[in-house]
Amino acid sequence: MEPAKESLCKHEAAKHPHPTGMSRRSFIVGAAGFGAVSLAALLGVSGCAPRLASEAADGASEEAPSYDIIIIGAGGAGMVAALHAFEAGARVLLLEKNASTGGNTNFAEGGMNASETRLQAENDILDSNTLFAEDTFIGGHEKGNRDLINHMCQNSSAAIDWLEDHALPLTKLGTSGGASVKRIHRPGDGSAVGQYLVTGLTGLCQESEIDILLQSDVEEILSTEGVISGVRVVSLESNKTTEYRAPAVIVAAGGFGANHEMLASYRPELLDAVTTNLASAQGDGIALAEALGAATVDMGEIQVHPTVEQNTAILLSEGIRGDGAVLINAEGKRFTNELLTRDAVTAIEWEQPGGWSYAVFDKEVYDANTSIAKKFEPKGLALQAESLEELATEMEVDVANFMDALTAYNSAIEAETVDPFGRTESRNLIKHPPFYAIKVAPGIHHTMGGIKIDTQAQVIDTTGNVIPGLFAAGEVTGGIHGGNRLGGNAVCDINVYGAQAARSALSFVGL
Ligand SMILES: Cc1cc2nc3c(=O)[nH]c(=O)nc-3n(C[C@H](O)[C@H](O)[C@H](O)COP(=O)(O)OP(=O)(O)OC[C@H]3O[C@@H](n4cnc5c(N)ncnc54)[C@H](O)[C@@H]3O)c2cc1C
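These notes cover the structure that comes with them. Here the structure is a predicted model, which means the values were calculated and not measured.

**Quick word on the packing of helix 14 (residues 388-395) against helix 15 (residues 399-414)**
A pair of packed helices is captured by two measures, namely the crossing angle of their axes and the spacing between those axes.
So, point 1. One way to put it is that helix 14 packs onto helix 15 with a least axis distance of 9 Å and a crossing angle of 130°. Looking at the two axes, helix 14 sits oblique to helix 15. The interaxial crossing formed by helix 14 with helix 15 has right-handed handedness. On the side of helix 14, the interface is formed by Leu388, Glu389, Ala392 and Thr393, while helix 15 contributes Val399, Phe402, Met403 and Leu406.
So, point 2. Considering only residue class, the contact of helix 14 with helix 15 consists of 6 nonpolar, 1 polar and 1 charged.

What follows is the structure in structure tokens.
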């Protein structure tokens, strides 16, 4: 379906000076260290929508400005959408309930899947959008929406180019579970993709004239007789409520991977499971859209990741296995092809004694992934030894079993014979000391279900119609990942659909 072309206010918008009269529209309020500036104190002029006297919590009324597009959630999808909209000339308000930007995107480590990219061509990787789409569909247990998947894959290379054009190149290729070829794009220096993107996108938002309000919890999307008109927001600093006006709203509020009650309503066994998600992943965006009649899809599809450190809930990225780590159980034995999809590895790991395993790797993998030094070593979570025998002793597993497992793994690589567990990718010798082991087990990781959208990121209601003016992108949506998200596909999703939501919202408001 085409996005509606009718704008509630055919402005003028882009060419307008900022409502504050400030030359630079972007300012961030809250604990991010950018200065505790009150938006209400700075803003005062509205655009073409009617001026609004909003009710503050103490009963006083305040003037609030209006915008072309309001975006709920300053994670990856929200910031990508904001930048696309701003660059096309829209007046954008980006609202974030946390004290800093980034959401769960901050935690993404492995990378971003994309097909038919320049980097793949330079590395002689034969990939296609069709193969990427097929891997995604099959990896998602053939439950994903083909149209949404195709749209994501077809636009993935352009999203990589857009990042590069914004000084955020992803220049290293890797292997990720469920991908037929090397397709996961990562920062060249081995740093985690999430922090890399969030730092860059936040900087770009700051340099732009996007208004960003932190500690601003969106409680309601305003709509009168089916016409979206803005949002009602509570400041978590002052407790004041303000209404901001815009004819188009993009919901980019992330998933519900930290809402244990909501998770357990679909999968009761997950009530006490650890989660890799930020506490703010409560599914607010889903509830906000549902209140306007939005449909949801695949809500019971919840991803449990096989390699989560259980005391801290820190994720050991799939990139570690993708670079060569193997999994060893409590008996010192290898038990799976480590590069099966996450749900498959999780299921096999749960069957092992105690339901946990060690990820074992060498210095080469360590050097390629800075997260071990940054996240695991400072907390004493990475065992280290100069020989494999010593490592097995530190792991307190059967040394003979462990040596048999590692010898079988390495020998098959050297002899170029079939891996004992059928692993075909990233069969890298584990032979460069020091050697490392990190104890892991399954943890809640991703909510595949969410708001129903079409390929234009328009929100679909329960009767199958588009809700005019309402768009959604990122983990708050459902349908792309089906029954299992492939590693690297969420970062692709937020970039492709964040941009798409912006384009559709721009078209809706006539920009
Ligand atoms: C540990 C970890 C590692 C991961 N690694 C990878 C990886 O390597 N590759 C990959 O593809 N994917 C990865 N993922 C998944 C991926 O990071 C997320 O799916 C994706 O970043 C979600 O982006 P988003 O913008 O949709 O949501 P988020 O980044 O979570 O942003 C949503 C934002 O909305 C805000 N918000 C919520 N409700 C409200 C409200 N009511 N008002 C205002 N603001 C609100 C939240 O506070 C949050 O900041 C990982 C996830 C985790 C947790």
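**Details of the environment of aspartate 362**
So, point 1. With respect to the secondary-structure elements, aspartate 362 resides in strand 17 (residues 357-362).
So, point 2. The exposure class assigned to aspartate 362 is buried, which follows from the 21 C-beta atoms found within 10 Å.
So, point 3. The sequence separation of aspartate 362 and leucine 388 amounts to 26 residues, and the corresponding C-alpha distance is 9.4 Å.
So, point 4. Filtering out sequence-adjacent residues up to four positions away, aspartate 362 remains in contact with Ile430, Lys431, His432, Pro433 and Phe435.

**Concerning the pairing of strand 17**
Two faces, one strand: in a regular strand the side chains alternate between the faces of the sheet.
So, point 1. Taken across its 6 residues, strand 17 has 6 buried, putting it largely inside the fold.
So, point 2. In strand 17, alternate side chains face the same way, and those of Ser357, Ala359 and Phe361 on one face and Tyr358, Val360 and Asp362 on the other are all buried.
So, point 3. Bridge count between strand 16 (residues 326-328) and strand 17: 3 bridges; the pairing is antiparallel. When the sheet's bridge partners are listed, leucine 327 is paired in strand 17 with alanine 359.
So, point 4. Bridging between strand 17 and strand 19 (residues 435-447) involves 6 bridges; their strand directions are antiparallel. Opposite tyrosine 358, over in strand 19, you have lysine 439 as the bridge partner.

**Looking at helix 16 (residues 489-508)**
So, point 1. Between its first and last C-alpha atoms helix 16 spans 27 Å; for 20 residues at 1.5 Å apiece the expected length is 28 Å, and the two agree.
So, point 2. Counted residue by residue, helix 16 has 18 buried out of 20 residues, so it is predominantly covered.
So, point 3. Of the residues trailing helix 16, glycine 510 is marked for its positive phi of about 85°.

**Describing the pairing of strand 5 (residues 92-95)**
So, point 1. The two faces of strand 5 match: Val92 and Leu94 on one face and Leu93 and Leu95 on the other face are all buried.
So, point 2. Pairing analysis gives 4 bridges linking strand 4 (residues 69-72) to strand 5, with the strands arranged parallel. Note on strand 5: the bridge partner recorded for isoleucine 72 is leucine 95.
So, point 3. Between the parallel pair strand 4 and strand 5, the chain is carried across by helix 2 (residues 76-87), and the sense of this crossover is right-handed.
So, point 4. Both strand 5 and strand 9 (residues 211-213) contribute to a ladder of 3 bridges, which runs parallel. Following the sheet pairing, leucine 94 is matched in strand 9 by isoleucine 212.

**Quick word on the nonpolar core**
So, point 1. Ile69, Ile250 and Ala472 are the most contacted members of the largest nonpolar core, which totals 137 residues.
So, point 2. Of all the elements, helix 16 adds the most residues to this core, at 12 residues.
So, point 3. Isoleucine 250 has contacts with Ile69, Ile71, Ala81, Phe471, Ala472, Ala473, Ala501 and Ala505, leaving out every residue within four places of it along the chain.

Conventions used here
Residues numbered from 1 in each chain as written. Predicted model: local features only at pLDDT ≥ 70, side-chain atom pairs only at ≥ 80, totals over all residues. Axes fitted to C-alpha atoms, helices over the stretch in contact; angles between N-to-C directions. Helix = DSSP H or I, 4+ residues; strand = E, 2+ residues; numbered from the N terminus. Parallel < 35°, antiparallel > 145°, perpendicular 65-115°, else oblique. Left-handed = near helix turned anticlockwise from the far one by under 90°. Contact = placed C-beta atoms within 7 Å. Nonpolar A, V, L, I, M, F, W, Y, C, P; charged D, E, K, R; others polar. Buried ≥ 20, exposed ≤ 12 C-beta atoms within 10 Å, placed from the backbone. Pairing = 2+ DSSP bridges. Expected span 1.5 Å × (residues − 1). Right-handed = clockwise from strand over helix to strand, strands pointing away. Core = buried A, V, L, I, M, F, W, Y, C linked by C-beta atoms within 7 Å.

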